[in-house]
Amino acid sequence: MAFAGLKKQINKANQYVTEKMGGAEGTKLDLDFVEMERKTDVTCELVEELQTKTKEFLQPNPTARAKMAAVKGISKLSGQAKSNTYPQPEGVLGDCMLLYGKKLGEDSVFAQCLVEMGEALKQMADVKYSLDDNIKQSFLEPLHHLQTKDLKEVMHHRKKLQGRRLDFDCKRRRQAKGSGRASPYMSPSHSSAHRHDDEIRQAEDKFAESLTLAQIGMFNLLDNDVEQVAQLSFFAEGLLEYHQQCTEILQGLVSTLMEKKEEAVNRPKMEFVPKTLADLHIEGVHDLNNGRRYGSTHSLSRPRHVPPTSSVGDLPSSDPLKAWEAPRPPPTPWDPPRAFRPHPAPRSAPNGRDPWTASPLPSPVKSPARTPLAPAKGPCCTALYDFDPENQGELGFKENDVITLISKVDENWFEGSVNGKTGYFPISYVQVTVPLPNM
C-alpha cells in the first residue's frame, strides 16, 4: 500500500514536470469551472485582507496591536489566559483631562470644563469598545469561520483534484505511449493490459469524484450572498449606532461647555494686589546709604520716578497748577521691573468693550524728557508715562502732557482731552493736579 502511494506521487511529479517543461497538455476543464476557480481565489484573498484591514480600522495603533499580539502569544505558551485591552485614544486623552482638571481644583471654570470633556471622551471610549466587540462578534468571527472551515475545505478538494488529474493524465499518457511502441509481431500479455486498464479506470474515477466535490464546494461558497450581505449590514449598523451615540455625547458636551463659557463671562473679575516682602514679613538687606530695606513697602509700592503723593494737598508746591514742575524724588535702591509698574486693567472698559476679549494694557514706557505744555486752568492732570491706545475710544498721550479732565468713569479710568482729542485713559498713568468738582 505504501508502494502504491509512492508510485502515485512519482506519477504526479512526472506529469507536472512534463507539462511545465516538456510542453505536454493535461486534461482541460470547461470555462465555467475555470471561472469558479478564479472567484474562489479572489474570495480567499478578500477574506484574509478584510480581516486584517478591519482590525486596523478598529485598532489603528500598530504598536499597541503588536504588543497585544506578543502578550497573547506569551500567555498561550505559558498556559495562562491573559486579556489585554486595546487603549482607545479617546480614553487616553480623557484620562489626561480628568487628571489635570482635578489637580487644578473645582474653583476654576477651566478645570470644570476639562473634567466635563474628559468624562465625555471616556464615554466615547466605552462606546468604541462596544463597537469593537460587536464587529468582532458579528463580522470578524464569521469571516474567520469562513476562512478556517469552508474555504479550507474547498481548497483541499481543489488541491486533491489537481493531484488526481496529474495521476490520471500520467497513466493515460503512458498507456498511449506504450501502445504506440508495441511491435506488430509481439502482443502484450492479456493480464498486463487488463491491469493497466484497471489503473486508468481507478484514476479516472477518483479524478471525477474530486471534480464533483470541488465544483459543489466552490458553488456553495460563491452562492452564499445572503449570509455575507447580512454580515456587512451588521457592520454598518454597528458603525451607525457608534456614531449616533458619539453625536449625543458631543452634543451634551458642547451644551455644557457653552454654559460654562457664559458662567465665566458673567463671573466678576477679581482684583489682585501682589504682596510685598513686608506683607510676607520677609526681612531684606539694609541699605547702608538711606537705611531703608530693599524689600520695604516704600520701595515696592510705586515706580521710582512716581511722586509719592497724588492729591493736591500733599503737593510740594504751593501752587497746584505748577505741581508738574515739582522735583522728582531720588531713585530707590531697588527699581521694580517695568512689567510690575502700576497699570491695573479695569473691571470693564469704558467704551463698552468685552473685558474678556480686550487686550491687556501696555507697560508704561518712559519717553525722553520734553518741554511740558502750559497747564490748563480747569480740572486737569499730568501724564506720568507714555500711553499708547490699543482700542477704539482710548486717548493717547506722552509723558508730561497736561490732560484736561472731563469725568471719572470708575476707579480705574478717566475721560479727558489733550491736543484736540478726547478719550479714556487709565488713572494710574497720570497725576491729578486740579481735581474734578465731584472728586
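Along each chain, residues carry numbers from 1 onward, in the same order as the chain's sequence is written. Reporting in this predicted model follows two pLDDT cut-offs: at least 70 for local features of residues, and 80 or more for side-chain atom pairs to be given and counted; totals over whole chains, interfaces and linings ignore these cut-offs and use all residues. Note: side-chain values were computed over all heavy atoms of the structure, leaving out hydrogens and water.

Moving on, we come to empty space enclosed by the protein. Cavities and pockets were defined on a 1 Å grid built over protein atoms only: a cavity is a set of grid points that admits a 1.4 Å probe from which the probe cannot escape, a pocket is an open set flanked by protein on both sides within 12 Å along at least five of seven lines, and lining residues are those with an atom within 4 Å of any such point. Grid points are joined across faces, edges and corners, and a volume is the space filled by probe spheres set on the points. Tallied over the full model, the rule gives 1 cavity of 30 Å³ or more. Of the volumes computed, that of the largest cavity is approximately 40 Å³. Around the largest cavity, the lining residues are Lys8, Arg164, Asp167, Phe168, Ala203 and Lys206. Elements with a minimum of two residues in the lining of the largest cavity: α5 (109–181) and α6 (190–222). A run of H or I in DSSP becomes a helix once it reaches four residues, and a run of E becomes a strand once it reaches two; helices and strands are each numbered from the N terminus. It is α5 that provides the largest number of residues to the lining of the largest cavity, a total of 3 residues.

With that settled, consider the pattern of salt bridges. Opposite charge on two side chains makes pairing possible when the charged atoms of those side chains draw close. Think of a salt bridge as a Lys or Arg side-chain nitrogen and an Asp or Glu carboxyl oxygen that are within 4 Å of each other. Taken as a whole and assessed by the stated rule, the structure comprises 13 salt bridges. With a shortest N-O distance of 2.7 Å, Asp169 and Arg165 are connected by a salt bridge. Within this pair, Asp169 and its partner Arg165 are both found in helix α5, separated by 4 residues, close to a single helical turn. Here the two residues Asp169 and Arg165 agree in accessibility, since each one is buried. Glu263 is the salt-bridge partner of Arg267, the closest N and O atoms lying 3.7 Å from each other. In this scheme, a residue with accessible area under 20% of its type's maximum is buried, one over 50% is exposed, and one in between is partly exposed, where area comes from a 1.4 Å probe on protein chains only. On the basis of relative accessible area, Arg267 is assigned to the partly exposed category, the value being 37%. Note on Glu263: relative accessible area 34%, which makes it partly exposed. Overlapping salt bridges bring together Glu37, Asp41 and Arg158 as one network.

Inside soluble globular proteins, nonpolar side chains tend to come together where they are buried. As used in this record, nonpolar core signifies buried Ala, Val, Leu, Ile, Met, Phe, Trp, Tyr and Cys residues forming a set joined through side-chain atoms within 4.5 Å. With 22 residues, the main nonpolar core has Ile135, Phe139 and Leu151 as its most contacted residues. Going through the elements one at a time, α2 (31–58), α5 and α7 (225–266) are the ones with two or more residues in this core. A per-element tally of this core places α5 first, with 12 residues. If sequence neighbours within four positions are ignored, Phe139 has contacts with Leu50, Thr54, Asn134, Gln231, Leu232 and Phe235. Residues Leu384, Phe397, Phe425 and Val430 belong to the second largest nonpolar core, which totals 16 residues. Contact between two residues is taken to exist if any of their heavy atoms lie within 4.5 Å; hydrogens are not considered.

Here the phi dihedral of His281 falls at roughly 60°; this positive angle occurs in a residue that is not glycine. With respect to the helices and strands, the residue His281 is situated in the loop between α7 and α8 (297–300). Classification of His281 as exposed rests on a relative accessible area of 72%. Positive phi values are uncommon outside glycine, yet Asn400 reaches one of about 75°.

With 42 residues, α7 extends 61 Å from end C-alpha to end C-alpha; this agrees with the ideal 62 Å at 1.5 Å per step. If you check which residues of α7 are buried, you get Gln231, Phe235, Gly238, Tyr242, Cys246, Ile249, Leu253, Lys260 and Ala264. One fewer than the residue count of a helix, multiplied by 1.5 Å, yields its expected span.

This paragraph deals with the side chain of Ser138. Position of Ser138 among the secondary structure elements: in helix α5. When its relative accessible area of 19% is taken as the criterion, Ser138 is described as buried. Here a polar contact is recorded for every N or O atom pair within 3.5 Å, except that within protein the pair must consist of a potential hydrogen donor and a potential acceptor, and residues adjacent in sequence are included only if both atoms are side-chain atoms. In this structure the side chain of Ser138 is engaged in a polar contact, spanning 2.7 Å, whose partner is the backbone oxygen of Asn134. Other than its neighbours up to four places away in sequence, Ser138 contacts Gln231 and Phe234.

What follows concerns the layout of surface pockets. Taken as a whole, the second largest pocket holds about 720 Å³ of empty space. If you go around the second largest pocket, you meet 20 residues; those closest to its centre are Lys55, Gln59, Met68, Lys72 and Lys136. If you list the elements that add at least two residues to the lining of the second largest pocket, you get α2, α3 (62–78) and α5. If you tally residues by element for the lining of the second largest pocket, the top one is α5, at 7 residues. Lys, Arg, Asp and Glu make up the charged group, whereas Ala, Val, Leu, Ile, Met, Phe, Trp, Tyr, Cys and Pro make up the nonpolar group; the residues left over, Gly among them, are polar. Classifying every residue of the lining of the second largest pocket gives 6 nonpolar, 6 polar and 8 charged.

Moving on: the confidence of the model for the protein chain. Averaged over every residue, the pLDDT of the protein chain is 77; the share at 70 or more is 70%. The quantity known as pLDDT measures the predictor's confidence residue by residue, on a range of 0 to 100. Of the regions scoring below 50 in pLDDT, residues 182–186 engages in 0 contacts with residues more than four places distant in sequence or in other chains. Confidence drops under a pLDDT of 50 for residues 292–372, and excluding neighbours within four residues, the segment shows 142 contacts in the predicted structure.

A few words now on the environment of Glu37. If you trace the backbone, Glu37 turns up in helix α2. A relative accessible area of 23% places Glu37 in the partly exposed class. The spacing of Glu37 and Ala214 is 177 residues in sequence and 9.3 Å in space, taken between C-alpha atoms.

This brings us to the pairing of strand β5 (residues 430–434). Regular strands show a simple pattern: their side chains alternate between the two faces of the sheet. Taking burial as the measure, the 5 residues of β5 include 5 buried ones, the bulk of the element. Inspection of the sheet shows strand β1 (residues 380–383) paired to β5 by 4 bridges, in the antiparallel sense. By the bridge assignment, Thr382 is partnered in β5 with Gln431. Two strands are said to pair when DSSP picks up at least two bridges between them.

Attention now moves to a nonpolar patch on the surface. Together, Tyr16, Val17 and Met21 line one region of the surface with nonpolar side chains, adding up to about 340 Å² of accessible area. Position of Met21 among the secondary structure elements: in helix α1 (residues 2–21). Candidates for patches are residues over 30% relative accessible area with no salt bridge; among them, like charges are joined within 9 Å and nonpolar side chains (Val, Leu, Ile, Met, Phe, Trp, Tyr) within 5 Å. Only the protein chains shown count as cover for residues, and the accessible areas themselves come from Shrake-Rupley with a 1.4 Å probe.

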